[in-house]
Amino acid sequence: DQQVKQNSPSLSVQEGRISILNCDYTNSMFDYFLWYKKYPAEGPTFLISISSIKDKNEDGRFTVFLNKSAKHLSLHIVPSQPGDSAVYFCAAITYGGATNKLIFGTGTLLAVQP
Amino acid sequence: GAGVSQTPSNKVTEKGKYVELRCDPISGHTALYWYRQSLGQGPEFLIYFQGTGAADDSGLPNDRFFAVRPEGSVSTLKIQRTERGDSAVYLCASSRVGTDTQYFGPGTRLTVL
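This text gives an overview of the structure that appears in the document. The shown structure was predicted, so the numbers you read here are calculated from the model rather than taken from an experiment.

Looking at the overall build of chain B
Okay, so step 1: Along its length, chain B carries zero helices and 11 strands.
Okay, so step 2: Taking 13 Å as the expected radius of gyration for a compact globule of 113 residues, we find that chain B reaches 13 Å, a close match to that expectation.
Okay, so step 3: Judged by the C-alpha coordinates and their principal axes, chain B covers about 35 × 25 × 25 Å.
Okay, so step 4: Relative to its 113 residues, chain B shows a buried fraction of 46%.
Okay, so step 5: Across chain B, 12 positive and 11 negative side-chain charges occur, with their mean positions spaced 6 Å apart.

Printed below as a string of structure tokens:
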């Protein structure tokens, strides 16, 4: 069962516009949600995170919104730049057990057109 | 400072062979993770080390997979009797402690012919 879902495999936006990447989850016990960016032939790079007790976290051009009642989060990138073109993974984590493993979605390929 | 490094970057082997994949975590990071990413999927958890011990190996798919971290730093993922379905990118991540942000290496792309 897929606990973290990214239903859009790809997204194309124009440079300067807003990119919105979406993520849904099923496990209400997740403590943190994270976004990672991945370029080809590189490992995922941490971008931004949000605690389950918050509803928004902002870092420069990147903002993550969390809607716990809907079990939905989104990453907003504004303005989008061509260098933002990459695969974006949503991930979730539960602390307090024997492990702190990340549960990843399947990723969304973002293409920012110049 | 240096990030997580993984060697080799690419490994091609034949079905039935044994392979070892190496991970050098960021210096001072006590937590180390192995993930596997198949084509079109997100990374999937394999095993988690806290120091030298495997705190959680629930993600290892079967007993052909084994990982060690004898001195609490470098880790080796070992796969015996490789199968074509083992072909994937194997990612290593480390963090200062278990509750901290995980930093990933570039991965090893394993191809089993």
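Focus: the state of the cysteines
Residues and elements named next belong to chain A.
Okay, so step 1: Applying the stated criterion across every chain, the model contains two disulfides over all chains.
Okay, so step 2: The disulfide bridge from cysteine 23 ends at cysteine 90, spanning 2.1 Å between sulfur atoms. In this structure, the disulfide formed by cysteine 23 and cysteine 90 twists by about -70° around the S-S bond and is classed as left-handed. In this pair, cysteine 23 sits in strand E3 (residues 19-25) while cysteine 90 sits in strand E9 (residues 86-93), placing the two residues 67 residues apart along the sequence.
Okay, so step 3: A residue is classified by how much of its surface remains accessible, and cysteine 90, at 0% relative accessible area, is buried.

Section: the pairing of strand E8 (residues 72-77) of chain A
All names here are of chain A.
Okay, so step 1: In terms of residue burial, E8 counts as a mostly covered element, since five of its six residues are buried.
Okay, so step 2: Where strand E7 (residues 62-67) lies against E8, six bridges are found, and the strand directions are antiparallel. Looking at the pairing, valine 64 lines up with leucine 75 of E8.
Okay, so step 3: Linking E7 to E8, which pair antiparallel, is a turn of four residues; within it lysine 71 sits at a positive phi near 50°.

Conventions and cut-offs
The numbering scheme is per chain: residues are counted from 1 as the chain's sequence reads. Numbering of ligands from 1 and lettering of chains from A proceed in the order in which they are written. At least 70 in pLDDT is required for a residue's local features to be given in this predicted model, at least 80 for side-chain atom pairs to be given and counted, and no such filter applies to totals for whole chains, interfaces and linings, which use all residues. To get the side-chain values, take all heavy atoms of the structure and skip hydrogens and water. Per the convention used, a helix needs a DSSP run of H or I reaching at least four residues, while a strand needs a run of E reaching at least two, with both numbered from the N terminus. Our radius of gyration looks at C-alpha atoms and nothing else; its globule reference is 2.2 Å times the residue count to the power 0.38. Burial here depends on accessible area, computed with a 1.4 Å probe over protein chains only, as a share of the maximum for the residue type. Under 20% is buried, over 50% is exposed, and the range in between is partly exposed. Only four residue types enter the tally: Lys and Arg on the positive side, Asp and Glu on the negative side, with His and both chain ends excluded. Where a charge sits is defined by one atom per residue type, namely NZ (Lys), CZ (Arg), CG (Asp) or CD (Glu). In this description, a disulfide is simply a cysteine sulfur pair whose atoms lie within 2.5 Å. Two strands make a pair as long as DSSP finds a minimum of two bridges between them.

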